[in-house]
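Coordinate analysis (summary)
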Amino acid sequence: MNTDIIKFDAGTYEAAVIGAGHAGCEAALALARLGHKTICFMVSTDTIAMMPCNPNIGGTSKGHLVKELDALGGEMGKNIDKTYIQSKMLNTSKGPAVHSLRAQADKQRYSGEMRKVMENTDKLTLKQAEVAEILWEYDEEDKESQSLEEKRKKRVTGVMTVSGAIYHVKTVVLASGVYLNARCIFGEVSQYTGPNGLPAATHLTQSIMNMGLEVRRFKTGTPARIDKRTIDFSKFERQPGDEKITPFSFTNTREKIEREQVDCFLGYTNEETHRIIRENIDRSPLFSGNIKGTGPRYCPSIEDKVVKFSEKPRHQFFLEPEGEYTNEIYLSGLSSSLPEEVQIRVYRSIKGLENADIVRNAYAIEYDCLNATELKESLECKFVTGFFSAGQSNGSSGYEEAAAQGLIAGINAARLLEEKDAIIIDRSQGYIGVLIDDLVTKETAEPYRMMTSRAEYRLLLRQDNADLRLTDIGHEIGLIDDERYAAFCKKREQINAEIERLNSISVGASAKVNDTLVRIGTNPIVTGTSLAELIRRPELSYYSIAELDPEREDLSEDVCTQVEIEIKYKGYIERQNQQVEHFKKLENHRIPADVDYDKIESLRLEARQKLNKIKPESVGQASRISGVSPADISVLLVWLKQNGK
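The present account deals with the structure reproduced in this document. (Residues numbered from 1 in each chain as written. Predicted model: local features only at pLDDT ≥ 70, side-chain atom pairs only at ≥ 80, totals over all residues. Heavy atoms only, no water.)

1. Brief notes about the overall build of the protein
Counted only if it meets this: Numbering of helices and strands runs from the N terminus; a helix is a DSSP stretch of H or I covering at least four residues, while a strand is a stretch of E covering at least two. Both definitions apply: the radius of gyration is a C-alpha atom measure, and the globule rule equals 2.2 Å times residues to the power 0.38. For each residue, the accessible area found with a 1.4 Å probe, counting protein chains only, is set against the maximum for its type, and the residue is called buried under 20%, exposed over 50%, and partly exposed in between. Two residues qualify as a contact provided that any one of their heavy atoms is within 4.5 Å of a heavy atom in the partner residue.
A tally of helices and strands in the protein yields 22 helices and 25 strands. Relative to the 2.2 N^0.38 estimate, which gives 26 Å for 645 residues, the radius of gyration of the protein is 26 Å and therefore close to what a compact globule would have. The C-alpha extent of the protein, read off along each of the three principal axes, is 90 × 70 × 50 Å. Here the protein holds 645 residues, and the buried ones make up 57% of them. Across the protein, every contact between residues at least 6 apart in sequence was considered, and the portion connecting residues at least 24 apart equals 73%.

Put into structure tokens, the structure is as follows:
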């Protein structure tokens, strides 16, 4: 940063949020809605909730995160309900644990609607400016501390922009996305810009390192956008949305948000596509060594796929509209960093894209991010009081992962200002808990992507019951108002009452009952049985036995869905609840921050090193650290007990 800049006092706020992407929006809104004077910085107001990559919200496991966000009082679910152009429930051929809602967004409208919300939220100020430095001082109360690899305790005091403006704050949420020292690359072209050609944040990384944090270099990428007027859609397979729309927000009903939908399309690469890629693979910066950052394993570029899965004759991709009033089509599954002229040949080798015109080239982007193991489960830095980080600056990928972290960081920044305990969503409470626990516990070597397989208790953590799991917490925090909470409580009461009623009502083995059972596709009964037992039969459902239940109250679809799932999967749910009880015992066994693991001689050397580095907050978290074995946990438990910890 230019040392000749004249510094000046620009005002005092309680909190500053750096970045207005999906993490920054949720963090800033949470802080302001909880009553704290907040300023949100962005390199351009055009970046508010911008979607620089895929034009959709949700998807496998990501839909769970958005529903949980909504249950806690976040904004993303409401915003996509306003701006979707296609909605689809994924994995419906499987059980309810992996059903995931996904919606195509109108990118411009999504950003515009979120900007409208941000601009009209009390206590929230938006500022287009690049933050160059986070200001801090040593914490006098902890002056002699040498914990966490000899890093002394600090506390945030403010931020300074590149123009020298100093804003005094007590807490900062870093939500810089992929802008820190960003570099966009395709072929031999390398530009130091952020996504969509916007300015990169070139000063803040050094400030973060000066605070003592470790910085990593990650990479992601995006495919080209094609002019839809140059596409022959008859060569592709139409992918329509669902006839029955499921809202993301629990505050909405299908009737409130139903609208005409647009189509997506499915296509495939071919041998000619792969030949062109192989012949030019040395010009891809991924393989030439020009890209140093680590990319996401679960979202590879098309050249990665062709090299790693050379036996496959084709790879699928989707053509997704970027909005209702734009001709840009996003080629999902065809991200690339090949040179422009090679990209043109690759895309035009595909049937239906022979005459395709590229509106925006595909590119890879490198950026700086933090080592999230230096954060607590609250997303506050372990050795900088008041400094929180959320989103891709923590090494995660995806809009939904970012928004989830942003909400939790914003909530906990507010709790810190209020001198309240942090809100921690654990792994048994939500996908948000799984996401954050993985980031702060496991050393992520690549951009982290949420997946249903990462959740041990996924039958309990369904997207359909996110409100039942988390709305109480949202109301306690103050982000769910009393009116919404009353409606939620009524829904919960209806579910419990209906399950109890179905368990208590029996039907006899009369000819009439058995005739009905045979007609609806199941075996007759020989003795009286409860309606709940009938629902547990694989071929029956809550709706299909309605004839046998004439006294049934007219309940909402949401209530009926919960009733059926809770009854049908009762045995499995009870088993997972027992697993959660065991998990809770370890999670509730907290570990003091001042434990020196080098003094526990019975621990293996690797375990001591890892435990000293991560400084786990509970025995449960310690058990999930790579390199810490079950035997190490047994030793740790004995030591904690012997030393009164």
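What follows picks up the thread again.
2. Concerning unusual backbone geometry
Only a minority of non-glycine residues have a phi that is not negative, and only a minority of peptide bonds are not trans. Residues other than glycine seldom take positive phi values, yet K123 does so here, at roughly 70°. Tracing the chain through its elements places K123 in the loop between α4 (107-119) and β7 (124-128). With a relative accessible area of 48%, K123 lands in the partly exposed category.

3. With respect to the side chain of T47
Residue placement: T47 occurs in the loop between β3 (38-42) and β4 (56-58). T47 has contacts with A20, G21, M42, Y179 and L198, leaving out every residue within four places of it along the chain.

4. Overview of the sheet that holds β4
Note the cut-off: Strands qualify as paired when DSSP identifies two bridges or more between them. Axis angles are defined between N-to-C directions and span 0 to 180 degrees, where every axis is a line fitted to C-alpha atoms and, for a helix, only to the segment in contact.
The 3 strands are arranged β4-β6-β5 in an open sheet whose pairing can be described as antiparallel. Two strands lie at the open edges of the sheet, namely β4 and β5 (84-90), each paired on one side alone. Neighbour-to-neighbour, the strand axes of this sheet turn through a mean angle of 20°, independent of strand direction. Relative to strand β6 (residues 100-105), β4 is paired through 3 bridges, and the arrangement is antiparallel. Following the sheet pairing, I57 is matched in β6 by A103.

5. Observations concerning the packing of aromatic side chains
Note the cut-off: Here the aromatic set is Phe, Tyr and Trp, taking the six-membered ring for Trp, and pairing holds for ring centres within 6.5 Å; pairs whose planes are under 30 degrees apart are stacked, those over 60 apart are edge-to-face, and all others are tilted. Only Lys NZ and Arg CZ are tested; either one counts as a charge over a ring when it is within 6 Å of the ring centre and within 35 degrees of the ring normal.
Counted by the stated rule, this structure contains 9 aromatic pairs. Centroid distance F236 to F317: 6.1 Å. Interplanar angle 75°. Geometry classified as edge-to-face. Within this pair, whereas F236 is found in the loop between β15 (225-227) and β16 (237-239), its partner F317 is found in strand β18 (residues 316-321), the two being separated by 81 residues in sequence. With relative accessibility at 0%, the residue F317 sits in the buried group. One aromatic cluster is present, built from ring pairs that chain together Y13, F41 and Y167. One residue, K37, lies across the ring of Y13, its end atom 4.8 Å from the ring centre. Taking the ring centre of F250 as reference, the NZ or CZ of K67 above it sits at 4.4 Å.

6. Some remarks on the pattern of salt bridges
Operational definition: Criterion for a salt bridge: a side-chain nitrogen of Lys or Arg within 4 Å of a carboxyl oxygen of Asp or Glu.
All chains considered together, the criterion is met by 55 salt bridges. One salt bridge in this structure joins E456 and R427, with 2.9 Å as the shortest N-O distance. Of this pair, E456 sits in the loop between α13 (431-441) and α14 (466-477) while R427 sits in the loop between α12 (399-417) and α13, placing them 29 residues apart in sequence. With its nearest N and O atoms 2.9 Å apart, the salt bridge here joins E498 to R501.

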